[in-house]
Each structure stands twice: as C-alpha cells, then as structure tokens.
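# Inside the fold
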Amino acid sequence: MKKIFFTVGPSQVYPTLEKHVRQALIDQVPSLSHRGNEFRRMYQRAENAVKELLSIPDGYVVFFLGSSIEAMERIIQNTVERTSFHFVDGAFSQKAASIAEDLKKEVLRTPAPEKEPFFIEKVTIPKRAETIFITENDTSTGLIFPHEYIYTLHDLYPEKLIAVDLVSSAPYSSLDFSKIDMAFFSGQKGFGLPAGMSIVVVSPRAVEKAKNLKSKKGDVGSYHSFHSLLTQRETWQTPETPNVLAIHLFDKVLEDMNEKGILSIRSDIDKKAKRLYEFFDNHPDFEPNITDTSFRSPSTLVIKTKKDARIIRESNLRKGIVIGEGYGTQRDTQIRVANFPSHTMRHVEKLLESLGKS
Ligand SMILES: *Cc1c(COP(=O)(O)O)cnc(C)c1O
C-alpha cells in the first residue's frame, strides 16, 4: 500500500519528484562532474530559481550544505566572533544555542514570544551581541515567530545580523529577506525532497562580517567556511563533491513551484491549515499545543492527544497514513502533522476522516 506521509520531515515527497528522479537517471545526472559546465549551470539555475520563488534580493548568495544543523554551526563560526543572541522556543532554537556554546561563544538567550500581548521592543539585546538567532517555525512545539517582530528587531538593531531558521516554514514563509541576513532550510521539509541537503542564503552584510572574521584570523572553520564557499561559488562550484543529484532535484522542484506560483502554494497551505485546526479545535480527543492562534504554525501542527498518541499513530498507519510522533518526551502525548506544499486537500481529508475514527 502506498502511504501518505504527514511526518514533519522527511515527509510526503513533492508530486513531481518521482518523474524527476527517473529522468535524472536517464540523463545520467549522478555521474556528472561537479567541476563541469552542466553542474555550474545547475548551481546557477537553482540559485536563481530559489531567489525568484522566495523574492530574495540581488546580491544575496546561496550555499548548499549537508544539513541545517550544519548551517547553524557554519553561521555561528562565520558571523559570531564572541557573542550570539538566541530566541529559544523549542528544541531547534535550543540546538543553535548549544552549538554556539560548543564553539565557545558567549550565548545570550531569551524565551520566544508565545502569547499576545507581547512587546518585542521590550526585549533588550546587549550591544555586544553580534548575530540574533530566530527559529521562525519551531517544529518541536508548533510555535511560530511572527514576521512583524523580526522586522522590529531589524529596525531596532540595524548593526546586528539576523539569522532565521526557516527549515520547516519555507517556502510557505513570506519573510522579507531584505530585513534579515541569513536564512536556511532543508530539502526534506517543505520542498518534498530527500533528506541530506540544506540551502543557506547569505546577505552582503553577512558576507562582509565573515570576511572580517577571517582576516582577523578567527576560527571560521575549514572547507565549509563562508570564505571557501564564496571562492568556489565565483565559478559556480562547491568546495567538496556536493550532492549533485539533490541540487538537481531541488532545481527541478523549484521550477515546478515557480510555475505553480508561490501565492497559490501559500494559499493552499492556509486553506489546509484552517481545515486542520478547525478539526483539532472541535474534536474532544485533540487540542493544539499552541493555544494563542496568532502563534500557531500553519506548516507543522503539534497536537496534544487525550488518548495514547502511539495507538493513534499505529491505527492510522494500518490505513496507510503516517502521522508524526510528538517530539522527544512528548512521544506518547502528542502527534505532529505536516502541512507542506506536497500535501493536497484530498490528503488532508483522508487524514481527518481516518483520525475521526481512531
Ligand atoms: C528539521 C529541523 C532542523 C534540522 O534540519 P536537518 O536537515 O536535520 O539538519 C532545524 N530546524 C528546524 C526548525 C527543523 O524543523
């Protein structure tokens, strides 16, 4: 039986992925040299396509890394000399903070907003903090960090860099990249691709900062330092042999998404999120983890269950519907449901019909 994956990543693959994988093998993409012209055109095309899809300004650069956890480490190494500042709202924002600690940075942290009213201008960020880390959509809790707050931080702290984890909100997120300096996301979440590649977007200001750190002989890492990535990118290459097939598939899915149109992709997600939350809000056995509706994630729903969450997952699995486990210690008390571009309203109706009976 073919399953429908509502897990939060890896998840349901993009509907055209199968066709692109088959064609890639016919076209011998896995044998292409990463030093050849075909690869260079592929890198350039993928960068342009992601910039088009997410309205990323000219001058920003795109790097491909192995994972988004790696992206956190590279961003800290290359843009934080001493002190980073973190809004911590769940396991993923906590991860960036603990990586900064491992790298011997001074780590300042504050809880992320989760209820209205909240006054972002009252959060004080010390002068010495260089980069502010924000997780836009914390996949462990289902909490979002509203864009208006990010824009206020940009206005209040123009000298600091802002790095945003968009891993489980891209491409739904309509974040204005001109107001941030770095963003990253992984293929296996909202893009419906195989796992194992992260896409990192870096502003000219962040590039400057990385160059400064490098010239001060700071430890910015080795082959995946921004310096090394930038040098190779000048000729549309990468420091190592990258996952050429993943970059190819990313490029192909971006082409499909651009053709469909980002507005239509986002409005489909809004419609499905509305349907899902209406169901969970009104069902006696379920309750969304985030109560304040203005902080609820449309793309990864975290739901508390009255019944044993394991049993709910197992009974749905027998019907071919794969529901995500609660994160960490919430395994038996919560479920998670992804609402990505790969999921159709028909998938959602099937899920709800099945959940209604479990
Ligand atoms: C999944 C996830 C990550 C980690 O991504 P990897 O590709 O596993 O490194 C980071 N942040 C968030 C919000 C995530 O959901």
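Cut-offs and rules
Sequence order as written defines the numbering, with residues in each chain counted from 1. Only residues with pLDDT of at least 70 get local features here, since the model is predicted, and only at 80 or more are side-chain atom pairs given and counted; chain-wide, interface and lining totals rely on the full set of residues. Hydrogens and waters are ignored; side-chain quantities use all the structure's heavy atoms. Any residue with a heavy atom positioned within 4 Å of a molecule or strand is treated as near that molecule or strand. Nitrogen and oxygen atoms within 3.5 Å of one another constitute a polar contact, given that in protein one can donate a hydrogen and the other can accept it, and given that sequence-neighbouring residues count only through two side-chain atoms. Areas reported here follow the Shrake-Rupley algorithm with a probe of radius 1.4 Å; residue values treat only the protein chains shown as occluding. Every helix listed is a DSSP run of H or I at least four residues long, and every strand listed is a run of E at least two residues long, numbered separately from the N terminus. Note that Gly is not counted as nonpolar here; it falls among the polar residues with everything else outside the nonpolar set of Ala, Val, Leu, Ile, Met, Phe, Trp, Tyr, Cys and Pro and the charged set of Asp, Glu, Lys and Arg. The criterion for strand pairing is that DSSP finds at least two bridges linking the strands in question. Lines fitted to C-alpha atoms define the axes, with helix axes restricted to the stretch in contact, and inter-axis angles between N-to-C directions lie between 0 and 180 degrees. Ring geometry is summarised as follows: Phe, Tyr and Trp rings, the Trp one being its six-membered ring, pair when their centres sit within 6.5 Å, and such pairs are stacked at plane angles under 30 degrees, edge-to-face over 60 and tilted between the two. The buried label applies to any residue whose accessible area, calculated with a 1.4 Å probe on protein chains only, is under 20% of its type's maximum; exposed applies above 50%, and partly exposed to all values in between. The criterion is that NZ of a Lys, or CZ of an Arg, lies within 6 Å of the ring centre and within 35 degrees of the ring normal, and then a charge sits over that ring. Here a residue-residue contact requires only that any non-hydrogen atoms of the pair lie within 4.5 Å. A helix is expected to span 1.5 Å for every residue after the first. Each salt bridge in this description consists of a side-chain nitrogen of Lys or Arg and a carboxyl oxygen of Asp or Glu lying within 4 Å of one another.

We now examine the site of the ligand. Around the ligand sit 13 residues, and of these Ile-69, Thr-139, Asp-165, Ser-186 and Lys-189 come closest. Within the contact set of the ligand, an oxygen atom lies 2.9 Å away from a backbone nitrogen or oxygen of Ser-68. Between Thr-139 and the ligand, the recorded distance is 2.4 Å, taken from a side-chain N or O atom to an oxygen atom. Protein chains shield 88% of the accessible area of the ligand, which is 390 Å² for the free molecule. Per-element tally for the shell around the ligand: the top contributor is helix H3 (residues 68–79), with three residues. Looking at the shell around the ligand residue by residue, the class counts come to four nonpolar, seven polar and two charged.

Looking now at the sheet that holds strand S9 (residues 182–186). Reading across the sheet, the seven strands line up as S2-S10-S9-S8-S5-S3-S4 and stay open at both edges, with mixed pairing between neighbours. The open sheet terminates on both sides in strands that have one partner only, identified here as strand S2 (61–65) and strand S4 (106–111). Averaged over neighbouring strand pairs, the angle between their axes works out to 20° when direction is ignored.

Moving on, we come to the packing of aromatic side chains. Scanning the model with the defined rule gives 16 aromatic pairs in all. For the ring pair Phe-279 and Phe-286, a centre distance of 6.1 Å and an interplane angle of 40° mean the geometry is tilted. Taken as a pair, Phe-279 and Phe-286 share a single burial class, namely buried. Above the plane of the ring of Tyr-151 lies Lys-179, whose end atom (NZ or CZ) is 5.3 Å from the centre.

Let us look at the sheet that holds strand S14 (residues 324–325). Strand order in the open sheet formed by four strands is S11-S12-S15-S14, and the pairing between neighbours is antiparallel. The strands lining the two open edges of the sheet, one partner per strand, are strand S11 (286–288) and S14. Pairing analysis gives two bridges linking S14 to strand S15 (residues 334–338), with the strands arranged antiparallel. Looking across to S15, one finds that Gly-324 is bridged to Arg-336. With respect to the sheet, helix H9 (residues 262–282) is in contact with S11, strand S12 (300–305) and S15, its orientation differing from that of S11 by roughly 125°.

On to helix H2 (residues 37–54). Between its terminal C-alpha atoms H2 stretches 26 Å, which fits the 26 Å expected from 18 residues at 1.5 Å a residue. Within the span of H2, buried status applies to Phe-39, Met-42, Tyr-43, Ala-46, Glu-47, Ala-49, Val-50, Lys-51, Leu-53 and Leu-54. Looking at the buried residues of H2, the elements they touch are S2, S9, helix H7 (226–233), helix H8 (244–260) and H9. Within two residues after H2, Ser-55 carries a phi angle of roughly 50°, on the positive side.

Tracing the chain through its elements places Ala-49 in helix H2. Judged by relative accessible area, Ala-49 falls into the buried class, the value being 12%. Note: C-alpha distance between Ala-49 and Asn-258 (209 residues apart in sequence) is 7.6 Å. Ala-49 has contacts with Leu-254 and Asn-258, leaving out every residue within four places of it along the chain.

Looking now at the pattern of salt bridges. Applying the stated criterion across every chain yields a total of 26 salt bridges. Of the charged contacts, one joins Arg-233 and Glu-47 as a salt bridge, the two residues approaching to 2.7 Å between their closest N and O atoms. Highlighted residues: Arg-233 in helix H7 and Glu-47 in helix H2, separated in sequence by 186 residues. Between Arg-296 and Asp-281 there is a salt bridge, with its nearest N and O atoms 3.0 Å apart. Of this pair, Arg-296 sits in the loop between S11 and S12 while Asp-281 sits in helix H9, placing them 15 residues apart in sequence. Classification of Asp-281 by relative accessible area gives partly exposed; the value is 41%. Linked through salt bridges whose partners overlap, the residues forming this network are Lys-2, Glu-18 and Arg-22.

Looking now at the pairing of strand S8 (residues 161–165). In regular strands, side chains alternate between the two faces of the sheet. Among the five residues that make up S8, five are buried, leaving the element largely enclosed by the rest of the structure. Side-chain alternation along S8 places Leu-161, Ala-163 and Asp-165 on one buried face and Ile-162 and Val-164 on a second face that is also buried. As judged from the five bridges shared by strand S5 (residues 131–135) and S8, these two strands associate in the parallel manner. For Thr-131, the partnering residue across the bridge sits in S8 and is Leu-161. As paired strands, S8 and S9 are joined by three bridges and run parallel to one another. Pairing of Asp-165 across the sheet is with Phe-184, part of S9.

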